[in-house]
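Listed below, chain by chain, are the residues.
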Amino acid sequence: MSSVAVLTQESFNEHRSGLVAEQAGDEEAPAYKDAFPPLPEKAASPEGTQEPVNAWTSKIRPLKSSVITQVFHVPLEERKYKDINQFGEGDQAKVCVDIMHKTGAHLELSMAKDQGLSIMVSGKLDAVMKARKEIVSRLQTQASATVAIPKEHHRFVIGKNGEKLQELELKTATKIQIPRPDDPSNHIKISGTKEGLEKAKHEILLISAEQDKRAVERVNIDKVFHPFITGAYNKLVADMMQETGARINVPPPSVNKTEIVITGEKEQVALAVAMIKKIYEGKKNATTIAVEVKKSQHKYVIGPKGNTLQEILEKTGVSVEIPPPDSNSETVILRGEPDRLGQALTEVYAKANSYTVSSVVAPSWLHRFIIGKKGQNLAKITQQMPKVHIEFTEGEDKITLEGPTKDMQMVQSQMEAIVTDLVSRMDYMEISVDPRFHRHLIGKGGANINRIKDLHKVSVRIPPDNEKSHLIRIEGDPQGVQEASKELLELASRMENERTKDLIIEQRFHRAIIGQKGEKIKDVRDKFPEVIINFPDPAAKSDIVQLRGPRNEVEKCSKFMAKMVADMVENGFFLSVPIFKQFHKNIIGKGGANIKKIREETNTRIDLPAENSNSEMIVITGKKENCEAARIRILSIQKELVLRDIADEYGGVMVSFPRSGANSDKVTLKGAKDCVEAAKKRMLEIIEDLVSSQGFTNLFMTDFPREAYPKRAVLLIPLPCKSFRFLLFQLPGSFSNQPPGFFFPSSPAEAAVQENGEANGEMVEEPAAPVDPTAPRKCDVIVLSGRKERCEAAVEALKALVPVTTEVEVPFELHRYIIGQKGSGIRKMMDEFEVNIQVPAPELQSDIISITGLANHLDRAKEGLLERVKELTAEQEDRSLRSFKLTITVDPKYHPKIIGRKGAIITNIRTEHDVNIQFPDKNDDNQDQITITGYEHKATAARDAIQAIVDELEEMISEDITLDARVHARIIGARGKGIRKIMDEFKVDLRFPQPGAADPNQVFVTGRPELVDEAIDHLLNLEEEYVSTLGGRERGSSKGFVVREAPWQTGSEKAPDMSSSEDFPSFGAPVAATNKASPWGPKRF
């Protein structure tokens, strides 16, 4: 049989109240020899005699080993494996090895004479118990049984975190299966050996029988009578719990429940119910009176944390009922004895009128000046009158004051004085500025606006971008406000007049415009100081030069730079002159004298082909008239050399060409007949070679006699003159050997010169003809000269280089995304596809984007642009889908629970469902609305997750218990570690009273009903443990330890001196030898 020690409620109450200590104090003190028995003598006992047994020897117990050994016997009929031939091997051996691995215990098997199995298990206690359970379940045949106990007792069999159930299974070596909470069955199934089954059934029935002794009673009493049952500051209900030993749970005022729950032993519960009903019967016919009190004064009647109501209840015994905050009613009901109602009514009016609310008129823009930096202005007032509350409401031209009536007059006068002073010396102004200039007014890192604020000693409020407001508010000293507004308007006007313009300048000119060490561009910037000139990065290979500044200055700078480029283009005119290869050295002259002289006199650059090149072309670059002069000089040298060669070769034949301007194509040869014929034949051969080199058969010989060779072939290619700049710098290098000559007219004026008869620097006579309006203009014509096959190849190459423009339709709202931040998006596409992309100005609201570039680049660019449009459309659609919003109505009291500790729960929901969840702001009218933004299905899933939490919270109950305030700190633990552990274990929420609370012992437990009960039991156990510790300390410190018949009482010895190191030596400290008698008896060392 086992004995059970029962702690009754009475003994528990006595223990808590210290009665046990007092009773112990009244008992007779123990004798000194009983309390301090003498040590055994050091000398050995005579042989054959036993050492006398005394208190020391009888109480000394040997240390227990941590390793234990137990033997278990399995009868033959209960053995699972009965094959004797396989003893020590087979499945049985494998099971034993597995058990040793799982539990860490050591198993030894032996066979008894009756074929039963004996198993010796060695190891630590917990390992042996686990091994025993495994042996019974795996080596012994199993039986099963069921035991029926009330469903509400099941949780006590399971215990906290299942610890009780595990203990039972280990203790009885059985498997216990308890029905799930949603299963209505009350049968518990047990499987194991017969012996284990009986033990397990017995233990379960004991647990159920113990719970049968407890009772739960629920009493419904109108909530208006609850204050009489709890009493002021919950003192009455605490006294009832102390007296009856039952736990009484009265719903707090904030919970709209009428049910009072009493738990404990049946007798205790019955007594508590009788006491509660008695109070109710005495108060249910109490007198009530209704009085009107302004709604604004209700909070003064309630007081902080309801303390004022408790104070009135304690003084008068009258309950004061205040309508809820969301009610418009101003009726306050007093309930109690008729003779006490008058006193209570006086208290209510006194509390209601103890505070006054008033307001001070002050423009809302002055509020922050009244408050001062970091509230320093208000701090002076609030320090003097700490009970006065000053409230500023945004957008309202008043300040609300609230506080004790006696302090209000002084505070109001001070506030009015401050407002009057500020109104007299402060002013404000609102100016309208386009929101797109706001960020420029602010400047980088707020540099501009901070400078203005500091300079003029004003405050400037620029509305955020999402407000899209034009109004900028300036507040401060009147003069400073005027100056700051003037400066801001000037900046805005300058920015409004500011223009950005892109100049298309070929990259090859950039270095020339910038100049060495930036000297030339510095001159330009000095000439136009208000214009910012930005050149592209050389690696970007961009032709766009950006000008930004005032509109007029940008236009002037643009024209100036265009003229610079035009001069560079003019100086870049070039001509190709065909000169026989053998005469190139004569053109150069000795030591380069001839070519140097021509270059200096004509101010041109003359480039000759390399000696190993087959090209005969000499290229002249410079101004057009200078190039013509250089060409004439070079051709005259060749003419002289040709005539000299003919004269030398054919006996001094003289060759005469027609005079310049004569309309004749005859060349006269003079000399010996044979020599003239030979010279004529040679000249015709030269002409034939020249004709074949041009690829044309129809050549005009008009200029041949004069120049010694006919005019080269000419091809006219009609092209828009705006395309010439592309061709000038993209001509293929396949014409390096004898390339055709190119002439690009640079302007319509130049074309006019050509129309008067000049083409490629040479005069041609053309018959007058009517102008065909459909014919291409001369400025749109490129002239090529050279061999026929090379000219045709050049034509094809030029056509391939002619830029083409195509248009792509792109929705206007996508244009800004295509351009990108500061144009980064469009620049990237232009660089990637080597095209120019023109986006229409925003004011045009056009959907057409133009792409200009080479034909073979346009397709890629168009595909890239359309692909980008597709991406942006998809992003826009996705953004639209992600912007789905729904709201869920949740009581604000649940918001902290949904958010979780440090936002853990709401962050998890946001991450899991990829949504944004917005809780209402403090000033929001709809405090119960939670907004979820994201994809519709994900927002719905997030809403369901939140609703599941709310549903679970609504199922929870809140019970308040009385815990000794002295143990609160120990239960909470260091940095809340203890209370967090309890809340995590029992899945409940605990709220301890704040300092100054009406009832410092009241603790609220919130959670699911079954978990709340478990948590309350745990808390009460902790309270009992901690209170007993506190009580032991108090009792020990009051009287100390007292003995009778001590040596210093019966003899002449003195009592030991507690301050003496000799009477009470420290451990390990040396003790000086002395012959002095000791109160402890003779020394034995």
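Residues numbered from 1 in each chain as written. Predicted model: local features only at pLDDT ≥ 70, side-chain atom pairs only at ≥ 80, totals over all residues. Heavy atoms only, no water.

For the chain, an unreviewed UniProt entry supplies the name Vigilin and the organism Oncorhynchus tshawytscha. Regarding the chain, the UniProt comment filed under Function (unreviewed entry) reads as follows: "Appears to play a role in cell sterol metabolism. It may function to protect cells from over-accumulation of cholesterol." (UniProt positions renumbered as here; feature names shortened; annotations may be inferred.)

Per the secondary structure count, the chain includes 42 helices and 40 strands. Taking as baseline every contact in the chain between residues at least 6 positions apart, the subset at least 24 positions apart corresponds to 68%. About 65800 Å² of surface is accessible on the chain, with carbon and sulfur atoms providing 52% of the total. (Helix = DSSP H or I, 4+ residues; strand = E, 2+ residues; numbered from the N terminus. Contact = heavy atoms within 4.5 Å. Areas by Shrake-Rupley, 256 points an atom, 1.4 Å probe, with all protein chains shown as cover.)

Right, let's talk about the packing of aromatic side chains for a bit. Considering all chains together, one arrives at 3 aromatic pairs under this definition. Geometrically, the ring pair formed by phenylalanine 225 and tyrosine 280 is edge-to-face, given 5.3 Å between the ring centres and 85° between the ring planes. Of this pair, phenylalanine 225 sits in the loop between strand E7 (214-220) and helix H10 (226-230) while tyrosine 280 sits in helix H12 (residues 266-283); the two residues are 55 residues apart in sequence, bridging distant segments of the chain. Given the relative accessible area of 24%, tyrosine 280 is considered partly exposed. Look at phenylalanine 580 and phenylalanine 583: their rings are 5.9 Å apart centre to centre, the planes differ by 85°, and that puts the pair in the edge-to-face class. Take phenylalanine 583: its relative accessible area is 6%, and that puts it in the buried class. (Phe/Tyr/Trp six-rings, centres within 6.5 Å; stacked < 30°, edge-to-face > 60°. Buried < 20%, exposed > 50% of the residue type's maximum accessible area, 1.4 Å probe, protein only.)

Take the packing of helix H22 (residues 507-514) against helix H24 (residues 551-570) next. In contact at an axis separation of 11 Å, H22 and H24 are set at 110° when each is read in the N-to-C sense. If you check the angle between H22 and H24, you find them roughly perpendicular. H22 and H24 meet at a crossing whose hand is right-handed. Residues Phe509, Ala512 and Ile513 of H22 pack against Met561, Met564, Val565, Met568 and Val569 of H24. Residue composition of the contact of H22 with H24, grouped by class: 8 nonpolar, no polar and no charged. (Axes fitted to C-alpha atoms, helices over the stretch in contact; angles between N-to-C directions. Parallel < 35°, antiparallel > 145°, perpendicular 65-115°, else oblique. Left-handed = near helix turned anticlockwise from the far one by under 90°. Nonpolar A, V, L, I, M, F, W, Y, C, P; charged D, E, K, R; others polar.)

It is worth spelling out the nonpolar core at this point. Judged by nonpolar contacts, the single largest core of 25 residues is most densely connected at Ile579, Ile606, Ile620, Ile634, Ile646 and Leu669. Sorting the residues of this core by element identifies strand E22 (573-578), helix H26 (593-602), strand E24 (617-622), helix H27 (624-649) and helix H28 (673-694) as the ones contributing at least two each. If one sorts the elements of this core by residue count, H27 sits on top with 7 residues. Apart from the residues within four sequence positions on either side, isoleucine 634 is in contact with Ile579, Ile587, Ile598, Ile606, Ile618 and Ile620. Residues Ile971, Val1003, Val1012 and Tyr1026 belong to the second largest nonpolar core, which totals 20 residues. (Core = buried A, V, L, I, M, F, W, Y, C linked by side-chain atoms within 4.5 Å.)

Sheet strands associate in pairs through backbone hydrogen bonding, adopting either a parallel or an antiparallel arrangement. An order of E13-E15-E14 is seen for the 3 strands of this open sheet, with the pairing classed as antiparallel. The open sheet has two edge strands, strand E13 (355-361) and strand E14 (389-392), and neither has a second partner. Neighbour-to-neighbour, the strand axes of the sheet open up by a mean angle of 20°, direction not taken into account. Pairing geometry for E14 and strand E15 (residues 398-404), over 4 bridges, is antiparallel. If you follow glutamate 391 over to E15, its bridge partner there is threonine 400. (Pairing = 2+ DSSP bridges.)

What follows is about the pattern of salt bridges. Inspection of the entire model under this criterion finds 30 salt bridges. The residue lysine 235 makes a salt bridge to glutamate 314 at a minimum N-O spacing of 3.2 Å. Residue lysine 235 is located in helix H11 (residues 235-244), and its partner glutamate 314 is located in helix H14 (residues 307-316); the two are separated by 79 residues in the primary sequence. The exposure class of glutamate 314 is partly exposed, given its relative accessible area of 44%. Among the ionic pairs, arginine 966 bridges to aspartate 964, the shortest N-O distance being 2.8 Å. Connected via shared salt-bridge partners are Glu311, Lys315, Glu347 and Lys351. (Salt bridge = Lys/Arg side-chain N within 4 Å of Asp/Glu carboxyl O.)

Let's shift gears to the packing of H26 against H27. H27 packs onto H26 with a crossing angle of 155° between their chain directions and a minimal axis gap of 9 Å. Between H26 and H27, the crossing angle belongs to the class labelled roughly antiparallel. Handedness of the crossing formed by H26 with H27: right-handed. Across the interface between the two elements, Lys597, Ile598, Glu601 and Thr602 of H26 pack against Asn626, Ala629, Ala630, Arg633, Ile634 and Ile637 of H27.

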